[in-house]
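As a plain string of letters, each chain reads:
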Amino acid sequence: MRLRHCAAALGLLGLLCVPAHAEDARGTGRDLGRETLARHDGWAAAEGGTTGGAAADVAHVFTVTDRAGLVRALDGGSDTPKIIKIAGTIDANTDDSGRRLDCADYATGGYSLKKYLAAYDPRTWGAAKPAGPQEEARRASAARQAERVVLPVGSHTTIVGLGDDAVLKGASLQIKNADNVIVRNLELRDAYDCFPVWQPNTGGLGDWKAAYDTLWLNNAGHVWIDHVTASDKGRPDEKEPTYYARNYLRHDGLLDITNGSDLVTVSWSRFADHDKAMLIGNSDSAAGDRGRLRVTLHHNEFTSVVQRAPRVRFGQVHLYNNRYVVPEDAHDYRYSIGVSTESRIHAENNAFTTPAHVEAADLVKSWNGTALHASGTLFNGYPVDLTAIYNAYNSGSERDLGTDVGWSPALHGRIDSAAAADRAVARGAGAGRIR
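A quick note: this is a predicted structure, and the numbers were derived from the prediction, not measured. (Residues numbered from 1 in each chain as written. Predicted model: local features only at pLDDT ≥ 70, side-chain atom pairs only at ≥ 80, totals over all residues. Heavy atoms only, no water.)

Novice: An account of the pattern of salt bridges is requested, with residue identities and associated values reported.
Specialist: Should the charged atoms of two oppositely charged side chains come close, the side chains can pair. Inspection of every chain in the model, using the stated rule, returns 25 salt bridges. Taking the shortest distance from any N to any O, the salt bridge between lysine 209 and aspartate 252 comes out at 3.1 Å. Taken together, the residues lysine 209 in strand 10 (residues 204–209) and aspartate 252 in the loop between strand 14 (246–247) and strand 15 (255–258) connect sequence positions 43 residues apart. By sharing partners, the salt bridges in this structure join Arg30, Glu35, Arg184 and Asp226 into a single network. (Salt bridge = Lys/Arg side-chain N within 4 Å of Asp/Glu carboxyl O. Helix = DSSP H or I, 4+ residues; strand = E, 2+ residues; numbered from the N terminus.)

So this is what it looks like as structure tokens:
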């Protein structure tokens, strides 16, 4: 049997030689690692397009089966062109020998949640930020976990899952100060923070803040995310206890696109079972984001997501042919499309399915937004005008939204009706479903 080159021949732990046919997408004969973004497929196709690691030489094509092998293949986030193929399930919370690590393994400096809660109870500590021995111990413990779970991705990199069951668990993939990256056919699961920080609020209740986005684009350019499934699977925040009258959140975003990131396409992916799914632009004061944060989201499914699907600041975002599902038992749903400072969202032919207690007026929320272009929307099978409905039900706490966002998308594939897209996305979005 002919074997493709792999670094196992170099004796690197966690890298595996596999039969050539095992690299194909569901038996199609395709090598996903060499595939590049199609012309006109969203913003990531602009200004030279997105090719990821397609130009990698044979010495930089790896198949990895554990965290140690993945870390070696990522090479500290180097810019060397590389293709990394993930086989099976990789757990980031493991040591170099593959032993599973839990929160107790990371705790240091005398940290304990019980002592932390006693030290910073707002009834006695007040509204100041936590400081002192327990906060120092929390930070040291968090740093130990970050050493294991934060995985930097450099420029000219393609990461793909093999077959239909590739999983990266517990990791925070971070594309930071990098350009030309592809992530495809991979389930990203449960970026669980062992040591959330308490953030007081002088105006009322504070909140718990988790550290890790499942996938974070930070000053990243030309990025294509395709057929990815991202969720809190196995440990949903809704099952976590309440401390200081606030849910003890263990997860941050599923996909955050911030700090001047630009030219991004997110396609045929599934975001599920999570609170704050996707943030595009992280601050109202980040004026340097003007002219950047150009993102296309198409043929994605947002199911059992509480909010941020997405929430946008500054960016020119094309949102088309996406599927939104709010389950019958959802009682914490807040909104789907967040219109924030200087955002310019062009939404076309998206479909929403919700239970009776979620109305069309709940789908949009605005913070300092000025405009939303929304056309071809289906709400529980009926056409609706999202902008008009938002304005009709706006309580007056925010200004009404206009419909002119100042641009029209030019880079996109065929835009189907919302009904046709709803059916296609239900069948085809997420990891393991590339055809």
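That was the structure; now back to the text.
Novice: Can you explain unusual backbone geometry? Please cite residues and give values.
Specialist: In this structure, the amide linkage connecting alanine 309 to the following residue, proline 310, adopts the cis form with an omega of 0°. You can see proline 310 is positioned in the loop between strand 20 (301–307) and strand 21 (311–312). Backbone geometry at aspartate 190 places phi at a positive 60°, although glycine is not the residue there. Turning to its location among the elements, aspartate 190 is positioned in the loop between strand 8 (179–189) and strand 9 (197–201). The class for aspartate 190 is buried, based on a relative accessible area of 3%. The residue asparagine 380 is not glycine, and still its phi comes out positive at about 50°. The residue asparagine 380 is located in the loop between strand 29 (377–379) and strand 30 (382–384) in this model. In this structure asparagine 380 comes out as partly exposed when scored by relative accessible area, which is 31%. (Buried < 20%, exposed > 50% of the residue type's maximum accessible area, 1.4 Å probe, protein only.)

Novice: Give a detailed account of the environment of alanine 424, specifying residues and quantitative values.
Specialist: Considering the arrangement of structural elements, one finds alanine 424 in helix 7 (residues 418–428). A C-alpha to C-alpha distance of 9.8 Å links alanine 424 and asparagine 322, two positions 102 residues apart in sequence. Leaving out residues up to four positions away in the same chain, alanine 424 has contacts with Trp268 and Ala429. (Contact = heavy atoms within 4.5 Å.)

Novice: An account of the environment of histidine 331 is needed here, citing residue identities and associated values.
Specialist: Tracing the backbone shows histidine 331 in the loop between strand 23 (323–325) and strand 24 (337–339). Overall, histidine 331 belongs to the exposed group, its relative accessible area being 70%.

Novice: Explain the state of the cysteines to me, and be specific about the residues and the numbers.
Specialist: According to the stated counting rule, one finds one disulfide in the structure shown. Covalent S-S linkage joins cysteine 103 and cysteine 194, the inter-sulfur distance amounting to 2.1 Å. Between cysteine 103 and cysteine 194 the disulfide shows an S-S torsion of about -80°. By sign, it is left-handed. One end of the pair, cysteine 103, is in helix 2 (residues 103–106); the other, cysteine 194, is in the loop between strand 8 and strand 9, with 91 residues separating them in the sequence. Judged by its relative accessible area of 24%, cysteine 103 falls in the partly exposed class. Look at cysteine 194 and you get buried, because its relative accessible area is 7%. (Disulfide = S-S within 2.5 Å.)

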